[in-house]
Amino acid sequence: MATPPDPPATPLEHPSGVESRVPGLLRTAAAYAWRIIAVGIVVRFAFSVPGQFHRIAVAVFLGLVMAAVLRPVAGLSPATCPGRSRWPRPSSAASS
């Protein structure tokens, strides 16, 4: 015959069978506190990672805008047109 299953352990009972000195209310409060801390860490991580991507996106966007604005000026440079020079030599040396 099969033996009946063991009764479930009570919340105050220590796994080793020794009765705990910590009150049940404090044990329950500690369990909820750890859960709240874990949720807080996850929420902070969820909001801080996109914030870091925001900084990178702004830097890339500003770099692209600067490149687009300075492209006409770079077209005047003698380095882009080796056969003809639109700038005097000192200006060409200063710009490179």
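Scroll up to find the structure this text is about.
Here the structure is a predicted model, which is why all the values come from computation and not from measurement.

**What about the overall build of the protein?**
Scanning the protein for helices and strands turns up 2 helices and 0 strands. Relative to its 96 residues, the protein shows a buried fraction of 4%. By element, 71% of the accessible surface of the protein is carried by carbon and sulfur atoms, the whole surface being about 8,900 Å².

**Observations regarding a nonpolar patch on the surface**
Taken together, the side chains of V58, F61, L62, V65, M66, V69, L70 and V73 define a hydrophobic patch exposed on the protein surface, amounting to about 730 Å² of accessible area. Relative accessible area serves as the criterion here: at 48%, L70 is assigned to the partly exposed category.

**Considerations on the packing of aromatic side chains**
Using the criterion set out here, one finds 0 aromatic pairs in the structure. Across the ring face of Y32, the terminal group of R35 is positioned such that the distance to the ring centre comes to 5.5 Å.

Cut-offs applied
Residues numbered from 1 in each chain as written. Predicted model: local features only at pLDDT ≥ 70, side-chain atom pairs only at ≥ 80, totals over all residues. Heavy atoms only, no water. Helix = DSSP H or I, 4+ residues; strand = E, 2+ residues; numbered from the N terminus. Buried < 20%, exposed > 50% of the residue type's maximum accessible area, 1.4 Å probe, protein only. Areas by Shrake-Rupley, 256 points an atom, 1.4 Å probe, with all protein chains shown as cover. Patch = residues over 30% accessible without salt bridge, like charges linked within 9 Å, V, L, I, M, F, W, Y side chains within 5 Å. Salt bridge = Lys/Arg side-chain N within 4 Å of Asp/Glu carboxyl O. Phe/Tyr/Trp six-rings, centres within 6.5 Å; stacked < 30°, edge-to-face > 60°. Lys NZ or Arg CZ within 6 Å of the ring centre and 35° of its normal.

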